[in-house]
Amino acid sequence: MAYDVIVIGGGLVGGAIAWGAAAKGASVALIDQGDIAFRAARGNFGLVWVQSKGAGMPAYAHWTRASAELWPELADTLAGATGVDAALRQRGGLAFCLTDAELEERASLLTRMHNESGDIGTRIVDRDEIRAMVPGIGDRVVGASFCPIDGEAHPLHLLRALHSGLLRLGGDYLPGRTVDAIDAAPNSFTVRIGAERFIAEKLVIAAGLGSRELAPLVGLRMPVTPLRGQIIVTERLRPFLDYTCHTLRQTVEGLVMMGDSQEDAGFDTSVGVPVLRTMAERNTAVFPALKEASIVRVWAALRVMSPDGFPIYEQSERYPGAFAATCHSGVTLAGAHALALAPAIVAGELPEHFAAFSARRFDVPTH
Amino acid sequence: MFRRIEPAAADIRFSYEGREIVAQPGDSVATALLLAGETSLRTTPISGSARAPYCMMGVCFECLMEIDGVGNRQACLTPVKAGMQVQRQRGARELL
Ligand SMILES: Cc1cc2nc3c(=O)[nH]c(=O)nc-3n(C[C@H](O)[C@H](O)[C@H](O)COP(=O)(O)OP(=O)(O)OC[C@H]3O[C@@H](n4cnc5c(N)ncnc54)[C@H](O)[C@@H]3O)c2cc1C
Ligand code: FES
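Attention here is on the structure that accompanies the text.

How each quantity is defined
- Residues numbered from 1 in each chain as written.
- Chains lettered and ligands numbered in written order.
- Predicted model: local features only at pLDDT ≥ 70, side-chain atom pairs only at ≥ 80, totals over all residues.
- Heavy atoms only, no water.
- Helix = DSSP H or I, 4+ residues; strand = E, 2+ residues; numbered from the N terminus.
- Rg over C-alpha atoms; globule rule 2.2 N^0.38 Å.
- Buried < 20%, exposed > 50% of the residue type's maximum accessible area, 1.4 Å probe, protein only.
- Contact = heavy atoms within 4.5 Å.
- Areas by Shrake-Rupley, 256 points an atom, 1.4 Å probe, with all protein chains shown as cover.
- Lys, Arg positive; Asp, Glu negative; His and termini not counted.
- Charge placed at Lys NZ, Arg CZ, Asp CG, Glu CD.
- 1 Å grid on protein atoms, 1.4 Å probe; cavity = no way out; pocket = protein on both sides within 12 Å on 5 of 7 lines; lining within 4 Å.
- Points joined across faces, edges and corners; volume = space filled by probe spheres on them.
- Nonpolar A, V, L, I, M, F, W, Y, C, P; charged D, E, K, R; others polar.
- Phe/Tyr/Trp six-rings, centres within 6.5 Å; stacked < 30°, edge-to-face > 60°.

**Remarks on the overall build of chain B**
For chain B, the helix and strand inventory stands at one helix and eight strands. Counting helices and strands in the order they occur from the N terminus, chain B gives β-β-α-β-β-β-β-β-β. Relative to the 2.2 N^0.38 estimate, which gives 12 Å for 96 residues, the radius of gyration of chain B is 13 Å and therefore close to what a compact globule would have. With the C-alpha coordinates of chain B rotated into their principal frame, the extents come out at 40 × 25 × 20 Å. Within the span of chain B, comprising 96 residues, buried residues form 41% of the whole. Residue pairs in contact within chain B that sit at least 24 positions apart in sequence constitute 42% of those at least 6 positions apart. Carbon together with sulfur atoms contributes 52% to the accessible area of chain B, which is approximately 5300 Å² in total. Taken as two groups, the 11 positive and 10 negative side-chain charges of chain B have centres that lie 3 Å from each other.

Below, the structure is given as structure tokens:
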């Protein structure tokens, strides 16, 4: 089978690019593994989070902001085409601080980001203001940072909307296939899976943790590693929260999700009480009433992390037409991936300012 | 609609929405209420539609009720106790 674009990896990054390319009129195949694959797209927290993204890399801060702006168009278009509502809510986001030292650190991060990347209205709210904004705040909370454009979405609905949107645009979703061989020439790629052959002019490597092995086949580098995160979900509760919080959100169905640890645990996706307890302690310090809530689920999933935590987007020099796409915030960046990155890939050229996202930055010795 | 297979033993009395319900030792709250002819024990959080106990063995969560002031309790897994205060649960549990 021959396509304009083949995307390898049907998670949120690959899904958004595949849908976005099909929406631009390209014929697209999205190749994905089976049910037991590592899939951050199916285990994440669902934040569309801007306020702290890109300290030290203004290009990433601006890309994240652009994505938050594009998100409503993405959600509306997908809902119109597929009937699946990604439940986007951009009501503003709060990151709570439990000590004065934390609050000072947060304030200096905001100042630094403001100076580096411009003002997006993020500000520190003090003890009294936070209590006026949110009911039931615990005594230990000394303040928070608030960003008016932060929000959240339903990540599983988003993934389903992207996949079903792709099918409706005539694209092919090809699950149950692990790519391990690619014959590459400039603007001509043959993806081999057993006896199957898929041919395209353009190829996107968006295979999450699988990208590390695939990228070198087309002259790219994607040195990503797993970073485990655990999540706690409570029973459904009457809505009590008008904002999204950095480690706590209440879904439209009333579940309270608490996140999300950052653990270097290799490919181990098991959960453990010590980490879950720490997460629960912090979140119940913010909302003491949650101590009464029953936990109904916990799980762990693996983030896809580059060495510096920033995204990698790049076109192969050796094999033009092959693109790398990975990041650790595939929900947040879905708007930009679908509506800005995918059109650029279809056009065959990444914008100039994308140079900042090249994996060549890892060659520069750090001091 | 329902009737007991075994003959009644000693009575246990508890309150449901202010009404006195007579149950038997070993009954769950759900069993006692079904026997008393109560079939709509809660409304759902999203659409507000009425629900009754379904699996009677703790897996479906259709029987959530407010029992002694605590919401979201599974009535099919909660044994009746004398003097218990049971309420229908309207929508999701309220915490704050
Ligand atoms: C605990 C946790 C919390 C998170 N919270 C947030 C959040 O709040 N907000 C946010 O924006 N992001 C969050 N993320 C990150 C987000 O989930 C990911 O960025 C997102 O899922 C995109 O990942 P991906 O598509 O690159 O990879 P994945 O979702 O892992 O998808 C990669 C896909 O590639 C396929 N694949 C791999 N190798 C091959 C191969 N050889 N052949 C074919 N297919 C292959 C896999 O089967 C898989 O489906 C979180 C992640 C975790 C783990
Ligand atoms: S009736 Fe199914 S859990 Fe109680």
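The structure having been displayed, the exposition proceeds.
**Brief notes about the layout of surface pockets**
Left-over empty space is what a probe sized like a water molecule reveals as it rolls over the atoms. Volume-wise, the second largest pocket comes out at about 480 Å³. A:Glu235, A:Arg236, B:Arg42, B:Phe61 and B:Leu64 are the residues nearest the centre of the second largest pocket, which is lined by 24 residues in total. For the lining of the second largest pocket, the elements supplying multiple residues, two or more each, are strand E12 (225–236) and strand E16 (295–305) of chain A together with strand E6 (70–74) of chain B. A class-by-class count of the residues in the lining of the second largest pocket yields eight nonpolar, eight polar and eight charged.

**Remarks on unusual backbone geometry**
A positive phi is found at A:Asn187, a non-glycine position, where the angle reads about 55 degrees. Within the secondary structure layout, A:Asn187 lies in the loop between strand E9 (181–185) and strand E10 (188–193). The class for A:Asn187 is partly exposed, based on a relative accessible area of 42%. Even without being a glycine, B:Asn72 presents a positive backbone phi close to 60 degrees. Along the chain, B:Asn72 turns up in strand E6.

**Some words on the packing of aromatic side chains**
Pairs of aromatic rings are described using the distance from one ring centre to the other and the angle between the two planes. All names here are of chain A. Taken as a whole and judged by the stated rule, the model has eleven aromatic pairs over all chains. Relative to Phe267, the ring of Phe38 has its centre 5.1 Å away and its plane inclined at 50 degrees; by these criteria the two rings are tilted. Of this pair, Phe38 sits in the loop between strand E2 (28–31) and strand E3 (47–48) while Phe267 is found in the loop between strand E15 (255–258) and helix H7 (273–286), placing the two residues 229 residues apart along the sequence. Taking the centre distance of 5.4 Å and the plane angle of 40 degrees together, the rings of Tyr313 and Phe354 count as tilted. You can see Tyr313 sitting in strand E17 (residues 312–315) and its partner Phe354 sitting in the segment after helix H8 (334–347), a full 41 residues away along the chain. Accessibility expressed as a relative area gives 1% for Tyr313, which makes it buried. In this structure Phe354 comes out as buried when scored by relative accessible area, which is 4%. One aromatic cluster is present, formed by Trp63, Tyr313, Phe354 and Phe357 through successive ring pairs.

Everything listed here is a matter of geometry and, on its own, says nothing about what the molecule does.
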